[in-house]
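The primary structure of each chain is shown beneath.
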Amino acid sequence: MTRNLVETKGLKKYFPVKAGAFGTTKDMVRAVDGVDIAIRKRETFALVGESGCGKTTLGRLILKLLEPSGGEVFFDGVNLQDLDRRKMRELRRDMQIIFQDPYASLDPRMRVGDIVAEPLKTHIKEQTRREREEEVAKLLEIVGLGRDAASKYPHQFSGGQRQRIGIARALALRPRFIVCDEAVSALDVSIQAQILNLLRDLQERFNLTLLFITHDLGVVRHLADRVGVMFLGKCVETGAVTEIFENPLHPYTRFLLSAVPVPDPHKRDREKILLKGDIPSPVDVPSGCRFHTRCPYAKGICRSQEPPLRSENSRSVACHFPLSGV
Ligand code: SF4
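Residues numbered from 1 in each chain as written. Predicted model: local features only at pLDDT ≥ 70, side-chain atom pairs only at ≥ 80, totals over all residues. Heavy atoms only, no water.

*Asks:* Would you explain the nonpolar core in this entry?
*Replies:* Across soluble globular proteins, nonpolar side chains show a tendency to be buried alongside one another. Core analysis: the biggest nonpolar cluster contains 64 residues, and Ile167, Leu171, Phe212 and Val220 have the highest contact counts within it. Counting 28 residues, the second largest nonpolar core, distinct from the first, contains Leu5, Val35, Val73 and Leu80. (Core = buried A, V, L, I, M, F, W, Y, C linked by side-chain atoms within 4.5 Å. Buried < 20%, exposed > 50% of the residue type's maximum accessible area, 1.4 Å probe, protein only.)

Next up, the structure:
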């Protein structure tokens, strides 16, 4: 029995860039470019990185909402590429997603009860209408909305309440794994904390494994057990959240963390990393280490050889010269 619920091996997604009157493929956007990560059962794994680093695409590849250009995804030891449509449909019950924008992700013409009931209707055909309504009422109570919410429309709720509706819908089939894609980014800070607390409670109550995709390292510190840092389609560092925050090994991780406010006054003099230039394009990925055009520690080898993701003691880093040894 594997202790990982999700594993990716060499996972890739390239999108063609079309040009000309005939729409011929001119280039490829290497959105995800060979990612190996492992998410343990019942943990919260946060995927962090700047906008455009490929984290959302990676989340969708894991859920098989996108077909990979290469590599594999394993769910509880099963290779998703080996599943036919029927088996994949069954497995979908176990894997759900909560979207970033609670305003856009709910159909404004549907009542909340119908929105939450949708996955039940699709996957549990034998359930009677009455049983389904009872289940929806229970779900709305679980996420703190109350059963009356079922008869209302999304526009009658605030942003935080709408995100609770999205969570109720994601929970409907009692999944084992939920991808939370920037799930609190569109909310006010005080509401964010309530939704994060709700997710933490639900994780414990339902033994959930969460993949939290975010650019906000404050959220990561609050919620995650382990972190994967992405840069330009690659995972450059993974580790326990405390280790990553205390002792980042990759220069890019150190840079991301230097922008996060530090609560402990003794640690406020942490060395800041200033990067040169702009983020390179995923169409024209730099040779060798793809961070070398921005990295203040780059040396000759960094321009020619891509550093592999090396692991030791549950810590991984892809750098020829990690900031302290791994
Ligand atoms: Fe910087 Fe070189 Fe490490 Fe890349 S491999 S992060 S360029 S030191």
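*Asks:* Would you mind showing me how to read the packing of helix α5 (residues 159-171) against helix α6 (residues 189-206) here?
*Replies:* Two numbers describe how α5 lies on α6: the axes approach to 10 Å, and their chain directions differ by 20 degrees. Classed by the angle they form, the pair α5 and α6 counts as roughly parallel. Of the two elements, α5 crosses α6, and the hand of that crossing is right-handed. Between α5 and α6, the residues in contact are Gly160, Gln163, Arg164, Ile167 and Leu171 and Ile191, Gln194, Ile195, Leu198, Leu199, Leu202 and Phe206, respectively. Residue composition of the contact of α5 with α6, grouped by class: 8 nonpolar, 3 polar and 1 charged. (Axes fitted to C-alpha atoms, helices over the stretch in contact; angles between N-to-C directions. Helix = DSSP H or I, 4+ residues; strand = E, 2+ residues; numbered from the N terminus. Parallel < 35°, antiparallel > 145°, perpendicular 65-115°, else oblique. Left-handed = near helix turned anticlockwise from the far one by under 90°. Contact = heavy atoms within 4.5 Å. Nonpolar A, V, L, I, M, F, W, Y, C, P; charged D, E, K, R; others polar.)

*Asks:* Would you explain the pairing of strand β1 (residues 4-19) in this entry?
*Replies:* When a strand is regular, its side chains alternate between the sheet's two faces. Sheet analysis places β1 next to strand β2 (residues 24-40), joined by 13 bridges and oriented antiparallel. Each bridged residue has a counterpart across the sheet, and for alanine 19 the counterpart in β2 is threonine 24. The pairing of β1 with strand β4 (residues 70-75) spans 5 bridges and is antiparallel. Bridge assignment links lysine 12 to a residue of β4, and that residue is glycine 70. (Pairing = 2+ DSSP bridges.)

*Asks:* Help me out: how do you make sense of the sheet that holds strand β9 (residues 226-231) in this one?
*Replies:* Think of a sheet as strands paired side by side through backbone hydrogen bonds, with each pair either parallel or antiparallel. An order of β6-β7-β8-β3-β9-β10-β12-β11 is seen for the 8 strands of this open sheet, with the pairing classed as mixed. The open sheet terminates on both sides in strands that have one partner only, identified here as β6 (95-98) and β11 (310-312). Taken over all neighbouring pairs, the strand axes of this sheet differ in orientation by 20 degrees on average, direction set aside. Relative to strand β8 (residues 209-214), strand β3 (residues 44-48) is paired through 5 bridges, and the arrangement is parallel.

*Asks:* What should I look at first to understand the sheet that holds β2 in this one?
*Replies:* The strand order across the open sheet formed by 4 strands is β2-β1-β4-β5, and the pairing between neighbours is antiparallel. Each edge of the open sheet is held by one strand with a lone partner, namely β2 and β5 (78-79). By the bridge criterion, 2 bridges tie β4 to β5 in an arrangement that is antiparallel. Residue pairing across strands places phenylalanine 74 opposite asparagine 79, the latter belonging to β5. On the sheet, helix α1 (residues 55-62) packs against β1, β2 and β4 and is oriented at approximately 120 degrees with respect to β1.

*Asks:* What exactly am I supposed to notice about the site of the ligand here?
*Replies:* Of all residues adjacent to the ligand, which total 13 residues, the nearest are Cys289, Cys295, Cys302, Cys319 and His320. Tallied by class, residues from the shell around the ligand come to 10 nonpolar, 3 polar and no charged. (Near = heavy atom within 4 Å.)

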